[in-house]
Amino acid sequence: MDNRKITNAMNFYLWTARLTDKVRSGWDDKHWNISKERRESVAEHVYKVCNLAIALTSEFDLGVDLAKVLKMLIIHEIGEARIGDITPFDGITPEKKRKMESEAVVKAAAFLAKKEEIISLWLEFEDKKTPNATFAYLCDKLDADLQSKLYQDMGCHNSLEEQENNIAFQSEKAKQIVESGAGTAFDVWYEYDKSIYEDSPAFMAMLDFAKEHNIKKMQDEL
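Quantities reported herein were computed from a predicted structural model and do not represent experimental measurements. (Residues numbered from 1 in each chain as written. Predicted model: local features only at pLDDT ≥ 70, side-chain atom pairs only at ≥ 80, totals over all residues. Heavy atoms only, no water.)

Student: What exactly am I supposed to notice about the overall build of the protein chain here?
Tutor: Scanning the protein chain from terminus to terminus reveals 11 helices and zero strands. Each helix and strand of the protein chain, placed in order from N terminus to C terminus, yields the pattern α-α-α-α-α-α-α-α-α-α-α. Relative to its length of 222 residues, the protein chain is compact, with a C-alpha radius of gyration of 18 Å against a globular reference of 17 Å. With the principal axes as the frame, the protein chain shows a C-alpha extent of 60 × 40 × 35 Å. Relative to its full complement of 222 residues, the protein chain shows a buried share of 42%. Placing the 30 positive and 40 negative side-chain charges of the protein chain at their respective mean positions leaves the two points 7 Å apart. (Helix = DSSP H or I, 4+ residues; strand = E, 2+ residues; numbered from the N terminus. Rg over C-alpha atoms; globule rule 2.2 N^0.38 Å. Buried < 20%, exposed > 50% of the residue type's maximum accessible area, 1.4 Å probe, protein only. Lys, Arg positive; Asp, Glu negative; His and termini not counted. Charge placed at Lys NZ, Arg CZ, Asp CG, Glu CD.)

Student: Help me understand the nonpolar core, please; the structure alone is not making it clear to me.
Tutor: One broad trend across soluble globular proteins is that nonpolar side chains are buried collectively. Membership of the largest hydrophobic core comes to 56 residues, with the highest contact counts inside it found for Trp32, Leu73, Ile78, Cys139, Val188 and Phe203. Per-element tally for this core: the top contributor is helix H7 (residues 131-154), with 10 residues. If we ignore the near neighbours within four places in the chain, the residues touching isoleucine 78 are Phe12, Trp15, Thr16, Leu19, Val105, Ala108 and Ile118. (Core = buried A, V, L, I, M, F, W, Y, C linked by side-chain atoms within 4.5 Å. Contact = heavy atoms within 4.5 Å.)

Student: What should I look at first to understand helix H2 (residues 42-59) in this one?
Tutor: One turn of an α-helix holds 3.6 residues; hence residues three or four places apart share an orientation. The terminal C-alpha atoms of H2 lie 26 Å apart, and with 18 residues this matches the ideal 26 Å at 1.5 Å per residue to within 8%. Residues of H2 that are buried sit in contact with helix H3 (66-75), helix H4 (80-83), H7 and helix H10 (201-212). (Expected span 1.5 Å × (residues − 1).)

Student: Explain the packing of aromatic side chains to me, please; I cannot follow it from the model alone.
Tutor: To describe a pair of aromatic rings, you give the distance between the ring centres and the angle between the ring planes. Under the definition given, this model contains nine aromatic pairs. Considering the side-chain rings of tryptophan 32 and tryptophan 189, the 6.1 Å spacing of their centres and the 45° angle between planes classify their relative orientation as tilted. Of this pair, tryptophan 32 sits in the loop between helix H1 (3-17) and H2 while tryptophan 189 sits in helix H9 (residues 185-193), and the two are 157 residues apart along the sequence. With a centroid separation of 5.7 Å and an interplanar angle of 70°, the aromatic rings of phenylalanine 135 and phenylalanine 203 are classed as edge-to-face. Within this pair, whereas phenylalanine 135 is found in helix H7, its partner phenylalanine 203 is found in helix H10, the two being separated by 68 residues in sequence. Owing to a relative accessible area of 4%, phenylalanine 135 belongs among the buried residues under this scheme. In this structure an aromatic cluster arises from ring pairing among Trp27, Trp32, Tyr151, Phe169 and Trp189. Sitting over the face of the ring of tryptophan 15, arginine 18 holds its NZ or CZ atom 5.2 Å from the ring centroid. One cation-aromatic arrangement involves lysine 128 over tyrosine 137; the distance from NZ or CZ to the ring centre is 4.8 Å. (Phe/Tyr/Trp six-rings, centres within 6.5 Å; stacked < 30°, edge-to-face > 60°. Lys NZ or Arg CZ within 6 Å of the ring centre and 35° of its normal.)

Student: Just to check I follow, could you spell out a nonpolar patch on the surface for this structure?
Tutor: Judged by side-chain polarity, Met10, Tyr13 and Leu14 come together as a nonpolar surface patch covering roughly 320 Å² of accessible area. A relative accessible area of 53% means that tyrosine 13 is categorised as exposed. (Patch = residues over 30% accessible without salt bridge, like charges linked within 9 Å, V, L, I, M, F, W, Y side chains within 5 Å. Areas by Shrake-Rupley, 256 points an atom, 1.4 Å probe, with all protein chains shown as cover. Salt bridge = Lys/Arg side-chain N within 4 Å of Asp/Glu carboxyl O.)

Student: Just checking my understanding: could you explain unusual backbone geometry for this structure?
Tutor: Apart from glycine, the bulk of residues carry a negative phi angle, and the bulk of peptide bonds sit in the trans form. Even without being a glycine, asparagine 33 presents a positive backbone phi close to 45°. One can find asparagine 33 in the loop between H1 and H2. On the accessibility criterion, asparagine 33 (31% relative accessible area) is partly exposed. The backbone of lysine 128 sits at a positive phi, close to 55°, despite the residue not being glycine. One can find lysine 128 in the loop between helix H6 (115-127) and H7. Overall, the relative accessible area of 37% leaves lysine 128 in the partly exposed class.

Okay, here's the thing in structure tokens:
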């Protein structure tokens, strides 16, 4: 057995395993400050978004290659094992974030003989120019919105009057949503993201369903 290949495989595995300990930044004390002892990790997000893709392609004819989408989603956050989860509200430009994450993805992929495939899939996801990448991106966004609703239905979201340390509220868009009558944290998430799904009826229907139902109660009854 080739020890070099074993080491390479182990290195990639250990790199990605770090994601189990990386908390999704949107839920931390600087952002939505979810009142839960253990908050969602990046790895949990990856697992859920893959299952969301499976569910949506099962129930709707969306014209995507599920096998390729799943591979894309499994690797789409591997850069965060090195740089962490950077949100749009963290003061880092999209260009700088992409450069940081690209360098981390290249470093992770370098362990593997099929590194070019990993890098190509990540770039396709980031560019969002193909049907597979667009679908994967929408799944990525929808999972975050649904997790926000789950936290809301669990009673883990703080009220809008308790968001003084939430850097998301430095956004004029978020402020306007609150001023327009948002009543809960999830209402802000819903209004902030709904335009993303305007050309994707299946995704919009899922978001609307979550808004109209207590999905934590649904989960408990399964």
